[in-house]
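# A look at the structure
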Amino acid sequence: MTIDPREKIALFIDGANLYAASKAIGVDIDYRRLLAEFKSQAYLLRANYYTALVEDQEYSSIRPLIDWLDYNGFNVVTKPAKEFTDAGGRRKIKGNMDIELCVDALELAPYYDHMVLFSGDGDFTALVAALQRLGKRVTVVSTLTTSTPMISDDLRRQADFFLDVADLAKTVGRPPSTRPPVVAPAPVTVAADED
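Quick caveat, the model's predicted, so the values are computed rather than measured.

## Some points on the pattern of salt bridges
Enumeration according to the criterion identifies ten salt bridges in this entry. Linking Lys23 and Asp28 is a salt bridge whose minimum nitrogen-to-oxygen distance equals 2.1 Å. Of the charged contacts, one joins Asp167 and Lys170 as a salt bridge, the two residues approaching to 3.4 Å between their closest N and O atoms. Placement of both Asp167 and Lys170 in helix α7 (residues 165-172) is noted, with a separation of three residues, approximately one turn of the helix.

Structure below.
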């Protein structure tokens, strides 16, 4: 990793995006080890985790993960997902957290030196450029090891540094077969923005 130990860093995790990338390469992220890894690299100012929740369900499969993160050093940002039926009659869930992540990253910018963005979503390219104009360094975490890269080429080019989830998983990942009895469930599948 290319983090100066004198830097203050902030993690911004697009939960659905990180989940998709880690599943695509066949690992689970150990969030306790993830936090410890970045704390060992520099001063970790904040670790934000963003996800949408389907509120009207009796049981949400992501709720145990959200609760664990909230009690173990992460600032969890959620909003209700919207459910709709597409033209083909398929049930879809929409819950994009891009705006919340961008606003938080810009508001917190005066207090950190280096942003670590866990997402491959090209919509964040403008955010990365804006932070760089403010003198911030940005590392983007996603993966190129899948048959189709899960990171936008524009976002990867804009970032100061790129960290592949496959490389990070060597220190903070575990094979799905070694999960403890209480499994961190999958987040809500999110449909692409159509506006």
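Don't stop here, the text continues.
## As for the environment of Ser142
Inspection of the secondary structure assignment puts Ser142 in strand β8 (residues 137-142). The class of Ser142 is buried, set by a relative accessible area of 1%. In the structure, Ser142 is positioned 21 residues away from Leu163 in sequence and 6.7 Å away in space, judged by C-alpha atoms. Every residue in contact with Ser142, bar those within four places of it in the chain, is listed here: Asn17, Ser119, Gly120, Met150, Ile151, Phe162, Leu163, Asp164 and Val165.

## Focus on the nonpolar core
Among the nonpolar cores identified, the biggest contains 29 residues, and Tyr31, Leu34, Phe38, Tyr49, Phe74, Phe118 and Leu168 are the most heavily contacted of them. Counting only elements with at least two residues in this core, the list comes to β1 (8-14), α1 (15-24), α2 (31-41), β3 (43-53), α3 (63-71), β7 (114-118) and α7. Formed by 22 residues, the second largest nonpolar core is a distinct cluster that contains Met97, Ala105, Leu117 and Val128.

## Side note on the confidence of the model for the chain
With 87% of its residues at a pLDDT of 70 or more, the chain has an overall mean of 87. Low pLDDT (under 50) marks residues 181-185, which in the prediction has five contacts with non-local residues, meaning those over four places away or in another chain.

## Remarks on the packing of α2 against α7
At a closest axis distance of 9 Å, the pairing of α2 and α7 adopts a crossing angle of 100 degrees. When the axes of α2 and α7 are compared, the pair comes out roughly perpendicular. Every residue of α7 that contacts α2 at Arg33, Leu34, Glu37 and Phe38 is listed here: Leu168, Thr171 and Val172.

## Considerations on the sheet that holds β3
Spatially, β4-β3-β1-β7-β8-β9 is the arrangement adopted by the six strands of the open sheet, whose pairing is parallel. In this open sheet, the two strands that pair with only one neighbour each are β4 (75-80) and β9 (161-164). Going across the sheet, the axis of each strand differs from the next one's by a mean of 20 degrees, ignoring polarity. Where α2 meets the sheet, it contacts β1, β3 and β7, and its direction lies at approximately 150 degrees from that of β3. Set on the sheet, helix α4 (residues 98-108) makes contact with β1, β3, β4 and β7; between it and β1 the angle comes to about 175 degrees.

## Concerning the packing of aromatic side chains
Here a ring pair, both rings aromatic, is described through the centre-centre distance and the interplanar angle of the planes. With the rule as written, the count across this model stands at five aromatic pairs. Ring plane angle 85 degrees and centroid distance 5.8 Å describe the contact between Tyr31 and Tyr49, whose orientation is recorded as edge-to-face. Here Tyr49 lies in strand β3 and Tyr31 lies in helix α2, a separation of 18 residues in the sequence. Both residues of the pair, Tyr31 and Tyr49, belong to the buried class. Relative to Phe118, the ring of Phe38 lies with its centre 5.9 Å away and its plane at 75 degrees, an arrangement referred to as edge-to-face. In this pair, Phe38 sits in helix α2 while Phe118 sits in strand β7, placing the two residues 80 residues apart along the sequence. Members of the aromatic cluster, joined through ring pairs, are Phe12, Tyr50 and Tyr112. Positioned above the aromatic ring of Tyr112, the side-chain terminus of Lys136 is 5.9 Å from the ring centre.

## Focus on the packing of α4 against helix α5 (residues 125-133)
The geometry of α4 relative to α5 is characterised by a closest axis approach of 11 Å and an angle of 5 degrees between their N-to-C directions. When the axis of α4 is compared with that of α5, the two are roughly parallel. In this structure, α4 contributes Leu101, Cys102, Ala105 and Leu106 to the contact, and α5 contributes Leu127, Ala130 and Leu131. When grouped by side-chain class, the residues that make up the contact of α4 with α5 number seven nonpolar, no polar and no charged.

Cut-offs and rules
- Residues numbered from 1 in each chain as written.
- Predicted model: local features only at pLDDT ≥ 70, side-chain atom pairs only at ≥ 80, totals over all residues.
- Heavy atoms only, no water.
- Salt bridge = Lys/Arg side-chain N within 4 Å of Asp/Glu carboxyl O.
- Helix = DSSP H or I, 4+ residues; strand = E, 2+ residues; numbered from the N terminus.
- Buried < 20%, exposed > 50% of the residue type's maximum accessible area, 1.4 Å probe, protein only.
- Contact = heavy atoms within 4.5 Å.
- Core = buried A, V, L, I, M, F, W, Y, C linked by side-chain atoms within 4.5 Å.
- pLDDT = per-residue confidence, 0-100.
- Axes fitted to C-alpha atoms, helices over the stretch in contact; angles between N-to-C directions.
- Parallel < 35°, antiparallel > 145°, perpendicular 65-115°, else oblique.
- Pairing = 2+ DSSP bridges.
- Phe/Tyr/Trp six-rings, centres within 6.5 Å; stacked < 30°, edge-to-face > 60°.
- Lys NZ or Arg CZ within 6 Å of the ring centre and 35° of its normal.
- Nonpolar A, V, L, I, M, F, W, Y, C, P; charged D, E, K, R; others polar.

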